[in-house]
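Spelled out, the chains give:
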Amino acid sequence: MPMKTIGIIGGGQLGRMLAMAAARLNFRTVILEPQPDCPAAQVANRQIVGAYDNPHALAELADACDIVTYEFENVPVDAAETLAASRPVYPPPRALEVSQDRLTEKEFLASCGIPTAQFRRIDSQDDLVAALAEFDGEGVLKTRRMGYDGKGQSVFRKGDDPSGAYEALGSVPLILESFVAFEREISVIAARGTDGSFAAYDPAENVHKNGILHTSTLPASVSSATAAAATQSARAILDKLGYVGVIGVEFFVGADGALIANEMAPRVHNSGHWTEAACIVSQFEQHIRAVAGLPLGDAARHSDCLMQNLIGDDIETAEDWLKTKDALLHLYGKAEARPGRKMGHVTVLKR
């Protein structure tokens, strides 16, 4: 295969793992990231130190690369569209536009025929009071943009006083989502190629702590019908967007196996890290294959497994994991462990 250069916007652990996968397939990588010596730059061929929307940095990236992708969903849409004028940008900027606004995302999922929680647009304290009345005083208030890992959210139970809640979240556009009765959470990691080909990994069953993913377990405790429905929903999203690359789609699963979509992430996903150890082709290689126009790989799982994030001081257990049979440890090259910071992950195969 001819050597090409892939630009990656974002220098965190996902960009790091994409750069590692790209190198195995004979691609060079250039990272655009404002933080010097970021985790991705430690393994990439080059880093452009600059803001994601800096015109000079974007021009330099376009000049250096044949293809551009990104590792997180808050890349400025204007920046992605600027790059797309001269280079293929995958996933397409439209995917960013949809996923960056929770209201737009919910409306998009509904347009695909995918059920979601009930939701209301909140642009004032009065909107919040009225919406809570519709939802019997309960719901989750979220910023429409930029929230992640449980940030930018406020939970209301029946009888809670919502006074000042709109201002407490910054008086920015918000969305109120109804509670959903569910037994478990799952996610599907799927990919679409430049030729429209499709591949999906088995759904993972996810457990969160303090709003951050703690573990992903394979296989998920769901029926084959529920797993197939989740995969079909992911395919509907990819096809409607004309998507290229890997996506993560999260679902709540009801007692009857019915699915409620929670959110989509237009990138490789934390709940897909297990694919490094339990599949021949990881989600990271799958993404590189997709954006480079190569054939998608087999997404079959060869082992049951459990992936656990190492958060903050969990990094101190790294040497213990190295002594654990059938465990694959992956550390992210971050110098400082802070509460809530993802420092690495470990996947344990179940033979």
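In the nomenclature of an unreviewed UniProt entry, the chain corresponds to N5-carboxyaminoimidazole ribonucleotide synthase from the organism Rhizobium aquaticum. As recorded by UniProt, the Pathway (unreviewed entry) comment attached to the chain reads in full: "Purine metabolism; IMP biosynthesis via de novo pathway; 5-amino-1-(5-phospho-D-ribosyl)imidazole-4-carboxylate from 5-amino-1-(5-phospho-D-ribosyl)imidazole (N5-CAIR route): step 1/2." What UniProt records for the chain under Subunit (unreviewed entry) is the sentence "Homodimer."

Visitor: I tried to follow the sheet that holds strand β5 (residues 119-122) on my own but got confused; where do I start?
Guide: Across a sheet, strands are paired by hydrogen bonds formed along the backbone, either parallel or antiparallel in direction. Strand order in the open sheet formed by four strands is β5-β8-β6-β7, with antiparallel pairing between adjacent strands. Two strands close off the open sheet at either side, each with one partner strand: β5 and β7 (153-156). Neighbour to neighbour, the strand axes of the sheet diverge by 20° on average, direction disregarded. Pairing between β5 and strand β8 (residues 174-177): four bridges, direction antiparallel. Bridge pairing in β8 links R121 to I175. Packing against the sheet, helix α5 (residues 102-111) makes contact with β5, β6 (139-143), β7 and β8, and its axis sits at approximately 50° to β8. Together, β5, β6, β7 and β8 form the strand contacts of helix α6 (residues 125-134), whose direction differs from that of β5 by roughly 165°.

Visitor: How should I be thinking about the sheet that holds strand β3 (residues 46-48) in this particular structure?
Guide: Taken together, four strands build an open sheet; the order of strands is β3-β2-β1-β4 and the sheet is parallel. Each having just a single partner strand, β3 and β4 (67-70) make up the two edges of the open sheet. The average angle at which neighbouring strand axes cross in this sheet is 25°, direction not considered.

Visitor: What's the story with the side chain of S282 in this structure? I'm lost.
Guide: The topology assignment puts S282 in the loop between α9 (275-278) and α10 (283-291). For S282, a relative accessible area of 12% gives the class buried. Of note is the side chain of S282, whose polar atom sits 3.1 Å from the backbone nitrogen of E285. Apart from the residues lying within four places of it in its own chain, the contact partners of S282 are Y201, T275 and E276.

Visitor: Just checking my understanding: could you explain helix α2 (residues 55-64) for this structure?
Guide: Along α2, the positions that sit buried rather than exposed are A57, L58, L61 and A62. Buried residues of α2, seen end-on, are gathered within an arc of 135° and therefore sit on one face of the element. In α2, the exposed positions angled more than 90 degrees off the buried face are occupied by P55, H56 and D63. N-cap assignment for α2: the residue whose side-chain oxygen lies 2.9 Å from the backbone N of H56 is N54.

Reading guide: rules and limits
- Sequence order as written defines the numbering, with residues in each chain counted from 1.
- pLDDT decides what is reported in this predicted model: residues at 70 or higher carry local features, side-chain atom pairs at 80 or more are listed and counted, and totals for whole chains, interfaces and linings draw on all residues regardless.
- Excluding hydrogens and water, the side-chain figures rest on all heavy atoms present in the structure.
- UniProt positions are given in the numbering used here, feature names are shortened, and annotations may be inferred rather than shown by experiment.
- Any two strands with at least two DSSP bridges between them are considered paired.
- Numbering of helices and strands runs from the N terminus, with a helix taken as a DSSP run of H or I at least four residues long and a strand as a DSSP run of E at least two residues long.
- Here an axis means a line fitted to C-alpha atoms, over the contact stretch when the element is a helix, while the angle between two N-to-C directions is reported on a 0 to 180 degree scale.
- Every residue pair with non-hydrogen atoms within 4.5 Å of one another is taken to be in contact.
- With a 1.4 Å probe rolled over the protein chains alone, any residue whose accessible area is under 20% of its type maximum counts as buried; one over 50% counts as exposed, and the rest are partly exposed.
- Definition of a polar contact: a pair of N or O atoms within 3.5 Å, with one able to donate and the other able to accept a hydrogen when the atoms are protein atoms, and with sequence-neighbouring residues admitted only if both atoms are side-chain atoms.
- The reported arc concerns the directions from the helix axis to the C-beta atoms and nothing else.

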